[in-house]
Amino acid sequence: MLETSARLLRLLTLLQARRDWSGAELAGRLEVSPRTVRRDIDKLRLLGYPIDATGGVGGGYQLGAGASLPPLLLDDEEAVAVAVGLRTAASGAVTGIAETSVRALAKLDQVLPPKLRHQVTTLSSAVVTMPAAGPTVDPSTLTAIASAVRDHRRLRFGYVSHDGSESVRDVEPYRLVSGGRRWYLFAWDVERSDWRRFRVDRLSPRVPAGPRFAPRPLPADDLAGYLARVMTTDRHRYRAVLTMHGSARAVADEVPSTIGVVEPVDDDTCVLRIGSDSLDHLAVWVAAFGFEFEVHEPPELVEHLRTLTARLHRAAWRNSPGAAPAGTSPRRPGAS
C-alpha cells in the first residue's frame, strides 16, 4: 500500500486523467477501502483542489474547475509530449500563442528531470519548423468553438467566404479540424440543412452561445477520411479516380494529402482519388507522380491526356536535331 502522501499524488493523477470516477474504481486502483478514498478526497479538498461528488450507485468523484489552475501531474511520456508540443506551437498558426508557449515551456523545462530534458532537447534540436504563412487563428475563437462542441450548443458567427461575401451562419458544431496550416469547423448548417466546413480564420463567433442541441449521427464513421475526400476531391469540378501501380505508401509519399486521397488495394496497387477544376492540372499531376496508372473517371481526363501527350511529343521533337518540319509527323528511328 502506498504511503499517504504518495497515495494522494496517485489519487490526484487519476482524477486528472479522466472526468468521472466511482469510489469503487478509485479504491481498486489505489488498493485501499472506499472509506480511505473518502478521507483522501477530503484531504485534497483542504489543499484547495475542487473535487465534486457525483450521484449514482456507490457515488463517484470528478475534479472540478476552481478559481485557479491546480498543479498538473504528468507521467514521463505526457511531459515530453507537452514540451515538444509547446516548442512546435511557438511557430504555429494560432495568433499570439508563440510568446505564451515559450513562457509555459520555460516553466516546464525548469522542473523536467535531466533524462526527460535531454529527450526534449535532442528532438527539438533536430527539428526545424517553418514559420506560419497566411492568416492565423485567434486562440479565443478556437476556445469558443471547442466549448460549443463540448457542450452541444448551437453557434452563430459572422463568416466571410472565399469571394469576400459576408453572411451570418447558425450551426450545430461537431468537430474542430486541423488541416495543415488551416483550422476548420465541421458543423451542421441549420439553415441549409446540410453538413458544412468553415475556415476558422474567416469566422467571428457571436456571443452568447445558442441553445443546446441533440447530436445527430456524423456522415461517416471515418470522419478524417470523409473530410479528406471533401477537401481534396468532392468540391472540385473534375473528380478523378485512378489505379496507381505502386504501393499505397509509395504513392502517398508523392501525393500531398491536400490534393489527393490514397486507398490501398494490395501490395502493388492502390486507388487515387484526386480533384481539380482544371483538366490540365489533373493531367500534369498524375503524369508527374512517377507511377504507371489507369484512369477510371472522368472520361474527359482520358481524352485530355491524349491531347497533352501529343502536345508534349511535338514540343520534344521541335527541340531535337533533325526534327520533322512543322505540321508533319516526326520520323521514328529506323523507319523507312
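This text follows the structure it describes.
Residues numbered from 1 in each chain as written. Predicted model: local features only at pLDDT ≥ 70, side-chain atom pairs only at ≥ 80, totals over all residues. Heavy atoms only, no water.

With that settled, the discussion passes to helix H1 (residues 4-17). Residue pairs three or four apart in sequence face the same way in an α-helix, which turns once every 3.6 residues. For H1, which comprises 14 residues, the first-to-last C-alpha distance of 20 Å matches the rise-based estimate of 20 Å (1.5 Å per residue) to within 8%. Those residues of H1 lying buried are Arg7, Leu8, Leu11, Leu12, Leu14 and Leu15. Within H1, the buried residues cover an arc of 160° as seen down the axis, which keeps them to one side. Exposed residues pointing more than 90 degrees away from the buried face of H1 are listed as Ser5 and Ala17. Buried residues in H1 make contact with strand S1 (21-22), helix H2 (23-30), helix H3 (34-46), strand S2 (51-54) and strand S3 (60-63). (Helix = DSSP H or I, 4+ residues; strand = E, 2+ residues; numbered from the N terminus. Expected span 1.5 Å × (residues − 1). Buried < 20%, exposed > 50% of the residue type's maximum accessible area, 1.4 Å probe, protein only. Arc of directions from axis to C-beta. Contact = heavy atoms within 4.5 Å.)

This part is about the packing of H1 against H2. At their nearest, the axes of H1 and H2 sit 11 Å apart, and the two run at 130° to each other. Considering their axes alone, H1 and H2 lie oblique with respect to each other. Note that H1 runs across H2; the crossing there is right-handed. Where H1 approaches H2, its residues Arg7, Arg10, Leu11, Leu14 and Leu15 are matched on the opposing element by Leu26, Arg29 and Leu30. Tallied by class, the residues present in the contact of H1 with H2 amount to 5 nonpolar, no polar and 3 charged. (Axes fitted to C-alpha atoms, helices over the stretch in contact; angles between N-to-C directions. Parallel < 35°, antiparallel > 145°, perpendicular 65-115°, else oblique. Left-handed = near helix turned anticlockwise from the far one by under 90°. Nonpolar A, V, L, I, M, F, W, Y, C, P; charged D, E, K, R; others polar.)

This next bit is on the packing of helix H10 (residues 279-288) against helix H11 (residues 299-318). It is at 10 Å that the axes of H10 and H11 come closest, and there the two elements cross at 70°. As far as their axial angle goes, H11 and H10 are roughly perpendicular. Here Leu279, Asp280, Leu282, Ala283, Val284 and Val286 of H10 lie close against H11, whose contacting residues are Glu300, Leu301, His304, Leu305, Leu308 and Arg311. In terms of residue class, the contact of H10 with H11 is made up of 8 nonpolar, 1 polar and 3 charged.

Here the focus is the sheet that holds S1. Read from one edge to the other, the open sheet built from 3 strands follows the order S1-S3-S2, with strand pairing classed as antiparallel. For this open sheet the edge positions go to S1 and S2, each flanked by a neighbour on one side alone. Alignment of S1 against S3, held across 2 bridges, turns out to be antiparallel. Paired with Trp21 across the bridge in S3 is Tyr61. On the sheet, H1 packs against S1, S2 and S3 and is oriented at approximately 80° with respect to S3. Against the sheet, H3 contacts S2 and S3, and its axis sits at roughly 145° relative to S2. (Pairing = 2+ DSSP bridges.)

Taken as a whole and assessed by the stated rule, the structure comprises 8 aromatic pairs. Taking 5.5 Å as the distance between ring centres and 50° as the angle between the ring planes, the aromatic pair formed by Tyr174 and Phe213 counts as tilted. Of this pair, Tyr174 sits in strand S5 (residues 166-179) while Phe213 is found in the loop between strand S8 (203-205) and helix H8 (223-234), placing the two residues 39 residues apart along the sequence. Judged by relative accessible area, Phe213 falls into the buried class, the value being 9%. Chaining the aromatic ring pairs together yields one cluster made of Tyr174, Phe186, Trp188, Trp195, Phe213 and Tyr226. The ring centre of Trp188 lies 4.1 Å from the NZ or CZ of Arg216, which sits over that ring. (Phe/Tyr/Trp six-rings, centres within 6.5 Å; stacked < 30°, edge-to-face > 60°. Lys NZ or Arg CZ within 6 Å of the ring centre and 35° of its normal.)

This part covers a positive patch on the surface. Among the surface-exposed residues, Arg35, Arg38, Arg39 and Lys43 lie close enough to one another that they form a single positively charged patch. Along the chain, the position of Arg35 falls in helix H3. (Patch = residues over 30% accessible without salt bridge, like charges linked within 9 Å, V, L, I, M, F, W, Y side chains within 5 Å. Areas by Shrake-Rupley, 256 points an atom, 1.4 Å probe, with all protein chains shown as cover. Salt bridge = Lys/Arg side-chain N within 4 Å of Asp/Glu carboxyl O. Lys, Arg positive; Asp, Glu negative; His and termini not counted. Charge placed at Lys NZ, Arg CZ, Asp CG, Glu CD.)

This part is about the nonpolar core. Membership of the largest hydrophobic core comes to 20 residues, with the highest contact counts inside it found for Leu242, Met244, Leu272, Ile274, Leu282, Phe289 and Leu301. For this core, the secondary structure elements donating two or more residues are strand S9 (238-244), helix H9 (248-254), strand S11 (270-276), H10 and H11. Filtering out sequence-adjacent residues up to four positions away, Leu282 remains in contact with Tyr238, Ala240, Ile274, Gly275, Ser276 and Leu301. With 17 residues, the next largest nonpolar core counts Trp21, Ala27, Leu44 and Leu63 among its residues. (Core = buried A, V, L, I, M, F, W, Y, C linked by side-chain atoms within 4.5 Å.)

Our focus in this paragraph is H11. The terminal C-alpha atoms of H11, which comprises 20 residues, lie 30 Å apart, in line with the 28 Å expected from a rise of 1.5 Å per residue. Among the residues of H11, those classed as buried are Leu301, His304, Leu305 and Leu308. For H11, the arc enclosing every buried residue in end-on projection is 105°, short of the 170-degree limit, so these residues lie on one face. For H11, exposure combined with an orientation more than 90 degrees from the buried face picks out Pro299, Arg306, Thr309 and Arg318. Contacts made by the buried residues of H11 are with S9, H10 and strand S12 (293-297).

If a residue is not glycine, its phi is most likely negative; likewise, a peptide bond is most likely trans. In this chain, Val207 is followed by Pro208 through a cis amide linkage whose omega measures 0°. Position of Pro208 among the secondary structure elements: in the loop between S8 and H8. For the bond from Glu297 to Pro298, the omega torsion is 5°, close enough to zero to count as cis. Counting through the fold element by element, Pro298 comes out in the loop between S12 and H11. Within the chain, His152 stands out as a residue other than glycine whose phi angle is a positive 55°. Here His152 lies in the loop between helix H7 (139-151) and strand S4 (155-160). Of note, the phi angle at Ser193 is positive, near 50°, even though the residue is not glycine. Along the chain, Ser193 turns up in the loop between strand S6 (182-189) and strand S7 (194-199). Owing to a relative accessible area of 48%, Ser193 belongs among the partly exposed residues under this scheme.

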